[in-house]
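# A look at the structure
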Amino acid sequence: MSTAVWFITGASSGFGRLMTEFVLKKGGIVVATLRQPDVLAELKAQYPPENLLILQLDVTKPEEIIDSFAKAEKAFGKIDVVFNNAGYALLAEVEGAPEDKARVMFDVNFWGATNVSKEAVRFFREVNKPAGGRLLNVSSIVGITTVPALGYYNASKHALEGITETLASELDPEWNIKITLVEFGGFETRGRDSLVRAPPHAAYLKPSLASAASRSYLLNKNVRISGDAGKAIAKVYNLAQLEDPPLRLPLGNDAVTGFREKVAKILTDVDKYKSWSEGLAINS
């Protein structure tokens, strides 16, 4: 079997950088995309072009997405795995979030990820011989649950969940394309360093409010997130090898707990109010 080619977005830091390094150490080939290619100068000096292609890519620009996939095809002739990772968070109460900043974040987290997903599917179907590939869309437990003061980030991940699940349901099985939403819990990636921050809304200054607790936790650099991001990336690498991968993979005990609590709450509400749906047919 030929060496797998990974196409990774957001390769400058966090999960994207970790995945880039992990695949390279495994002897794989990486197309590392990011807005500032110079950030990977150290890796470029360490690995030959046969193993590492670094491309400038702003996922909010669809033409750059298409161009990056074309350059990957020219260099390696195929892409086996797309690790769709580029994104960032906005810290703000729903009432206090500047709309322009929220829209820019959606352009990256939702529209950027969606356009990468569409090009990945097209590439897997029309370029790879034989057809097929793995699309790993990086989501989060907040794509299923929510965290106060991260409302628009939560919403962007909820939107990514919906579009990804729909896309997966539309694929022809003959294309041999497998899609998974990777639902990360809390892992130490220095992601807080890239957190875009809006000042607290005046109505939410009370210390006892949930949004105040979220701000305190997220902005306190002395509080270390317990999850080991390197160990999580190793699991994602293994995920890409599965013949029949899940649509969603929660990673981290907090993610598993969050899923269980959310599902239990939904089922409780469904069972409690199911009688309200009785007798609603036109002729009943």
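First, a word on scope: everything that follows refers to the structure included in this document. Computed from a predicted structure; not experimentally measured.

So, about helix H4 (residues 99–126). Helix length check: H4 (28 residues) gives 38 Å between terminal C-alpha atoms against 40 Å at 1.5 Å per residue, within 8%. In the structure, H4 departs most strongly from a straight axis at Asp107, where the bend amounts to approximately 35°.

A full pass over the atoms with the stated rule returns 13 salt bridges. Between Lys78 and Asp80 there is a salt bridge whose closest N-O contact spans 3.0 Å. Note that Glu93 and Arg215 form a salt bridge whose closest N and O atoms lie 2.8 Å from each other. Of this pair, Glu93 sits in the loop between strand S5 (90–91) and H4 while Arg215 sits in helix H6 (residues 210–219), placing them 122 residues apart in sequence. With respect to class, Glu93 is no different from Arg215; both count as buried.

Turning next to the packing of H4 against helix H5 (residues 151–170). H5 packs onto H4 with a crossing angle of 20° between their chain directions and a minimal axis gap of 9 Å. The angle between the axes of H4 and H5 places the two elements in the roughly parallel class. The way H4 lies across H5 gives a crossing that is right-handed. Taken together, the residues of H5 that come into contact with H4 (itself represented by Ala102, Met105, Phe106, Asn109, Phe110, Ala113, Thr114, Ser117 and Val121) are Tyr152, Tyr153, Ala155, Ser156, Ala159, Leu160, Ile163 and Leu167. Residues that form the contact of H4 with H5 fall into these classes: 13 nonpolar, 4 polar and no charged.

Here the structure, examined in full by the defined rule, presents 9 aromatic pairs. Where Phe15 meets Phe187, the ring centres are 6.2 Å apart and the plane angle is 75°; that geometry is what we call edge-to-face. Here Phe15, found in helix H1 (residues 14–25), pairs with Phe187, found in strand S8 (residues 187–188); they are 172 residues apart in sequence, far enough to count as distant. In textbook terms, an aromatic cluster arises when at least three aromatic residues are bridged by ring pairs, as seen for Trp6, Phe22 and Tyr237. Positioned over the ring face of Trp175 is Arg125, at 4.7 Å from the centre of the ring.

Right, let's talk about the nonpolar core for a bit. Nonpolar side chains tend toward joint burial in soluble globular proteins. By size, the foremost hydrophobic cluster in this structure holds 29 residues, and its most contacted members are Trp6, Met19, Phe83, Leu136, Phe184 and Val236. Every element with two or more residues in this core is listed here: strand S1 (5–8), H1, strand S2 (29–34), strand S4 (81–84), strand S6 (133–140), strand S7 (177–184) and helix H7 (229–239). A per-element tally of this core places H7 first, with 6 residues. Setting aside residues up to four positions removed in sequence, Val236 forms contacts with Trp6, Met19, Phe83, Leu136, Val182, Phe184 and Leu251. Within the second largest apolar cluster, 25 residues are counted, among which are Val59, Ala72, Val127 and Ile179.

Reading the values: the criteria
Residues numbered from 1 in each chain as written. Predicted model: local features only at pLDDT ≥ 70, side-chain atom pairs only at ≥ 80, totals over all residues. Heavy atoms only, no water. Helix = DSSP H or I, 4+ residues; strand = E, 2+ residues; numbered from the N terminus. Expected span 1.5 Å × (residues − 1). Bend = angle between axes of the 7 residues up to and from the residue. Salt bridge = Lys/Arg side-chain N within 4 Å of Asp/Glu carboxyl O. Buried < 20%, exposed > 50% of the residue type's maximum accessible area, 1.4 Å probe, protein only. Axes fitted to C-alpha atoms, helices over the stretch in contact; angles between N-to-C directions. Parallel < 35°, antiparallel > 145°, perpendicular 65-115°, else oblique. Left-handed = near helix turned anticlockwise from the far one by under 90°. Contact = heavy atoms within 4.5 Å. Nonpolar A, V, L, I, M, F, W, Y, C, P; charged D, E, K, R; others polar. Phe/Tyr/Trp six-rings, centres within 6.5 Å; stacked < 30°, edge-to-face > 60°. Lys NZ or Arg CZ within 6 Å of the ring centre and 35° of its normal. Core = buried A, V, L, I, M, F, W, Y, C linked by side-chain atoms within 4.5 Å.

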